[in-house]
Amino acid sequence: RAVGALTPADLAGKRIGVRSFTTTTAAWVRGILANDFGVDLGSIHWVTFEEPHVAEYADSSERAPAGKAIIDMLLAGELDAVLGERS
């Protein structure tokens, strides 16, 4: 398993953690990945840590196990990357 920097092209098939799928940061970064780098967002396995912030959104992401922290999961190798996390 490789550890270190990933390029946008490396994200296909990876598990990426994000606080909530509907946060502004997550939407903005997904748009850049798709529009500027051609990343197929459907090929990414999204793992979220909070409910969607938009009531109408039908969340299809995987919810992280209760009590798990995004950075801890990244460091343990349970996630390949995270979006919008400054910890």
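Caption draft 1: Highlighting the environment of Thr7. Within the fold, Thr7 resides in the segment before strand 1 (15-18). Overall, Thr7 belongs to the partly exposed group, its relative accessible area being 41%. Between the C-alpha atom of Thr7 and that of Gly31, which follows or precedes it by 24 residues, the distance is 15 Å.

Caption draft 2: Structural view of the pairing of strand 1. Here strand 1 runs beside strand 2 (residues 45-48); their pairing, made up of 4 bridges, is parallel. Note that in strand 2 the partner of Arg15 across the bridge is His45. The sheet contact formed by strand 1 and strand 4 (residues 81-83) spans 3 bridges and is parallel. The residue of strand 4 that forms the bridge with Ile16 is Ala81.

Caption draft 3: Main features of the nonpolar core. Listed in full, the 12 residues of the largest apolar core are Leu11, Ile16, Val18, Phe21, Ala26, Val29, Leu33, Val39, Ile44, Trp46, Ala81 and Leu83. Listed by contribution, the elements that provide at least two residues to this core are strand 1, helix 1 (24-37) and strand 4. Per-element tally for this core: the top contributor is helix 1, with 3 residues. When near neighbours in sequence (up to four residues on either side) are disregarded, Leu33 contacts Pro8, Leu11, Gly38, Val39 and Leu41. Counting 5 residues, the second largest nonpolar core, distinct from the first, contains Val47, Ala64, Ile70 and Met73.

How each quantity is defined
- Residues numbered from 1 in each chain as written.
- Predicted model: local features only at pLDDT ≥ 70, side-chain atom pairs only at ≥ 80, totals over all residues.
- Heavy atoms only, no water.
- Helix = DSSP H or I, 4+ residues; strand = E, 2+ residues; numbered from the N terminus.
- Buried < 20%, exposed > 50% of the residue type's maximum accessible area, 1.4 Å probe, protein only.
- Pairing = 2+ DSSP bridges.
- Core = buried A, V, L, I, M, F, W, Y, C linked by side-chain atoms within 4.5 Å.
- Contact = heavy atoms within 4.5 Å.

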